[in-house]
Amino acid sequence: MVKKSAQVPDNIDSEEEWDSSEPEEVEASEQEELETKSDSEPSQSEEEAGEENDGEEESNNEVENGEDEGEQVEEEDEEESLPAELQQKKTFESLGIDNWLIRALSAMAITSPTEIQRATIPEILAGRDVIGGAKTGSGKTAAFALPILQKLSEDPYGVFGLVLTPTRELAFQIAEQFEVLGKGINLKICVCVGGMDMMAQALQLARKPHIVIATPGRLADHMLSSANTNNFKRLRFLVMDEADRLLDPTFKPDLETIFENINQKRQTLLYTATMTEEILEMKKAEDGLIKNPHIYECDSRISTVSTLTQNYVFLPSYVREAYLVHLLQSEELKDKSTIIFVGRCQTAETIRSMLVELGIRCTGLHSMMNQNERLNSLGKFRSSVVPILIATDVGSRGLDIPTVQLVLNYNLPRDPTDYIHRVGRTARAGRGGRAVSLVTEKDISLVHNIEARINKQLEEYKVSETKVLEILNEVSAAKRMATMHLHDSHFGSKQEIRKLKQKTTRSEEKKRKRSSKKDAAKKPRTN
């Protein structure tokens, strides 16, 4: 519980930080091409999608499916708490998964299904819509990827499946999962996200890939500006991963465009780590998005894992940077693989530049970076070339980097659920981890809300205020240099101009389509 105040001299100028979170944004002739290689064992893939480093997929998939030794112990303890019908489904074979996929799973050391996979895979194979809720690292991706790939191998064509996700990084991670699981077939995947060449993506879409993984904004742009919309008219599966984020009003216009241009008789699968009222209300909706769904939510009473140590440091807001640097340089926390979460893109870039100025190796991840920059940044962090990643909430969901040892909340999120997603980047699959939150005088109510949500009180992390004051002048000078660098580089101006252009283009395209429809309706019919 936060209860004591840190002491600092009164003569320090206030440089208060605004703390806010911003939302991110084949035909039958191909049958032979997509035939299952049933007579050969699929080899384990070591390839990474995009420009990320290799060598991580096996551990990533182990984490995604909860197959670490520590988590296996937890699963054995929780087996008896599962519904009786799920306790009987202890193998992928019992779920109805084909042998070629089981061999692919075995190659990744995945031998038994998780709870969410047991509950939803048979329903998907039976043709039902599904709403599934489970915490991160519980195997949600495989829960929808396995049945989609199995159905695709039985009746191959493109575009067969569409996966929507709120962030670019999660899109590439899902693509990796599909590539590894679909190694036994000639699977064609298109990742369609912002920050990359639209023309190259349009050419990929024109080739009718079997699986399209996209962020809503970029896919909506393609649907409004190209003839590839018709490729989605035979779509068999629509997946909305991290559905709670996708249903945010930010994505509403783009989702409406997408839903208008895809097959209305598809199967719809919604997966989320946070089962909200909005998601549950969708089963009653009359807009046809999801019909008579099978709903299953895993037990989420324990919102953070027991192997995670959660601390706070209480401090004045105007010396937040000095406390951050002190923590990063402290004997206990230095040299750890660390993610620092901040509330804004500008804050992320300021902190990154400041730490570089102080000789601390780090990299950033936020929506103001283009996609190649984001992939390179993640690649450096994954491979431990740099030990520190400074990220906005674009990195709080779905990112699966098992080696993360420490999460630092530079700004506390206003939603306790976002806190849970952030700290969930460490202590994954039975490993230990620590989360330390910097708490200012304005954050007391946020901490109380978080403690109520996780049903646990945060413990104070002792910091030597004297040592913080010793580095205060050096940190303040580095922050001034970082601020000047952002000002001189006109940080964010190009992105704002591009967003305005995209918004204008989209609005004009919608007006043109509405006008065309009206003209067609007015045109007299001829016998």
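Residues numbered from 1 in each chain as written. Predicted model: local features only at pLDDT ≥ 70, side-chain atom pairs only at ≥ 80, totals over all residues. Heavy atoms only, no water.

(A) Summary view of the overall build of the protein. In terms of helices and strands, the protein carries 20 helices and 14 strands. Split into buried and exposed, the 527 residues of the protein put 56% on the buried side. As displayed, the protein has an accessible area near 23900 Å², and 47% of this comes from carbon and sulfur atoms. (Helix = DSSP H or I, 4+ residues; strand = E, 2+ residues; numbered from the N terminus. Buried < 20%, exposed > 50% of the residue type's maximum accessible area, 1.4 Å probe, protein only. Areas by Shrake-Rupley, 256 points an atom, 1.4 Å probe, with all protein chains shown as cover.)

(B) Just the sheet that holds strand S2 (residues 161-164), in detail. Taken together, the seven strands give an open sheet; going across it, the order is S3-S4-S2-S5-S6-S1-S7, and neighbouring strands pair in parallel fashion. Looking at strand neighbours, the two that pair on one side only are strand S3 (189-192) and strand S7 (294-297), the edges of this open sheet. Pairwise comparison of adjacent strand axes, ignoring direction, gives a mean angle of 10° for this sheet. Inspection of the sheet shows strand S1 (residues 130-133) paired to S7 by four bridges, in the parallel sense. Considered in S7, the bridge of Gly-133 is made with Glu-297. Against the sheet, helix H7 (residues 168-181) contacts S2, S3, strand S4 (211-214) and strand S5 (237-241), and its axis sits at roughly 175° relative to S3. (Pairing = 2+ DSSP bridges. Axes fitted to C-alpha atoms, helices over the stretch in contact; angles between N-to-C directions. Contact = heavy atoms within 4.5 Å.)

(C) Inspection of the pairing of strand S13 (residues 433-439) at higher detail. S13 sits mainly inside the fold: seven of its seven residues count as buried. Every second residue of S13 is oriented toward a common face, with Gly-433, Ala-435, Ser-437 and Val-439 on one face and Arg-434, Val-436 and Leu-438 on the other, all of them buried. Where strand S12 (residues 406-409) and S13 come together, four bridges link them in parallel fashion. Considered in S13, the bridge of Leu-408 is made with Val-436.

(D) View of unusual backbone geometry. Put simply, Gly-158 and Val-159 share a cis peptide bond, and its omega is 0°. Considering the arrangement of structural elements, one finds Val-159 in the loop between helix H6 (140-154) and S2. The backbone phi angle of Ala-109 is positive, close to 65°, even though this residue is not glycine. Structurally, the position occupied by Ala-109 is in the loop between helix H4 (99-107) and helix H5 (115-125). With relative accessibility at 37%, the residue Ala-109 sits in the partly exposed group.

(E) Spatial organisation of the nonpolar core. Counting 50 residues, the largest nonpolar core has Phe-144, Leu-146, Ile-148, Phe-178, Ile-213 and Leu-269 as the members making the most contacts within it. If you list the elements that add at least two residues to this core, you get H4, H5, H6, H7, S3, S4, S5 and strand S6 (267-272). Core analysis: the second largest hydrophobic core is formed by 34 residues, Leu-327, Ile-351, Met-354 and Ala-482 among them. (Core = buried A, V, L, I, M, F, W, Y, C linked by side-chain atoms within 4.5 Å.)

(F) Molecular detail of the side chain of Thr-274. Along the chain, Thr-274 falls in the loop between S6 and helix H12 (277-281). Polar contacts involving the side chain of Thr-274 include one to the side chain of His-421, which spans 3.2 Å. Not counting residues up to four positions away in its chain, the partners in contact with Thr-274 are Asp-244, Ile-279, Thr-417 and His-421. (Polar contact = N/O pair within 3.5 Å; in protein donor to acceptor, adjacent residues only side chain to side chain.)

(G) Up close: the packing of aromatic side chains. Under the definition given, this model contains four aromatic pairs. When the centroid spacing of 6.3 Å and the interplanar angle of 40° are considered together, the rings of Phe-144 and Phe-178 count as tilted. Of the two residues, Phe-144 sits in helix H6 while Phe-178 sits in helix H7, which places them 34 residues apart along the sequence. Take Phe-144 and Phe-178: they sit in the same class, and that class is buried. Seen from their ring centres, Phe-144 and Tyr-271 are 5.6 Å apart, and the 50° between their planes marks the pair as tilted. Note that Phe-144 is positioned in helix H6 and Tyr-271 in strand S6, a separation of 127 residues in sequence. Just as Phe-144 is buried, Tyr-271 falls in that class too. (Phe/Tyr/Trp six-rings, centres within 6.5 Å; stacked < 30°, edge-to-face > 60°.)

(H) Looking closely at helix H9 (residues 216-225). Within H9, nine of the ten residues are buried, leaving the element largely enclosed by the surrounding structure. All of the buried residues along H9 are Pro-216, Gly-217, Arg-218, Leu-219, Ala-220, Asp-221, His-222, Met-223 and Leu-224.

(I) Region of the structure containing the pattern of salt bridges. Per the stated rule, a full pass over the model turns up eight salt bridges. Between Glu-123 and Arg-128 there is a salt bridge, and its shortest N-O distance comes to 3.6 Å. The class of Glu-123 is partly exposed, set by a relative accessible area of 22%. A residue is classified by how much of its surface remains accessible, and Arg-128, at 29% relative accessible area, is partly exposed. Measuring nitrogen to oxygen at the nearest pair gives 2.7 Å for the salt bridge that ties Asp-393 to Arg-422. With Asp-393 in the loop between strand S11 (388-391) and S12 and Arg-422 in helix H16 (residues 416-423), the pair connects residues that are 29 residues apart, well separated along the chain. Asp-393 gets classed as buried once you look at its relative accessible area, which sits at 11%. You can call Arg-422 buried: its relative accessible area is 0%. (Salt bridge = Lys/Arg side-chain N within 4 Å of Asp/Glu carboxyl O.)

(J) A look at the side chain of Thr-417. For Thr-417, the position within the fold is in helix H16. Residue Thr-417 is classed as buried on the basis of its relative accessible area, which comes to 12%. Among all residues touching Thr-417, those that are not within four sequence positions of it are Thr-274, Arg-397 and Arg-453.

(K) Layout of the sheet that holds strand S8 (residues 308-314). Taking strand neighbours across the sheet as the criterion, the seven strands line up as S10-S11-S9-S12-S13-S8-S14 in an open arrangement whose pairing is parallel. Every interior strand has two partners, whereas the edge strands, strand S10 (363-365) and strand S14 (459-460), have only one. Here four bridges tie strand S9 (residues 338-341) to S11, and the two strands are oriented parallel to one another. Note on S11: the bridge partner recorded for Ile-340 is Ile-390. Docked against the sheet, helix H14 (residues 345-357) engages S9, S10 and S11, running at close to 155° with respect to S11.

The quantities given are spatial measurements derived from coordinates; they are silent on function.
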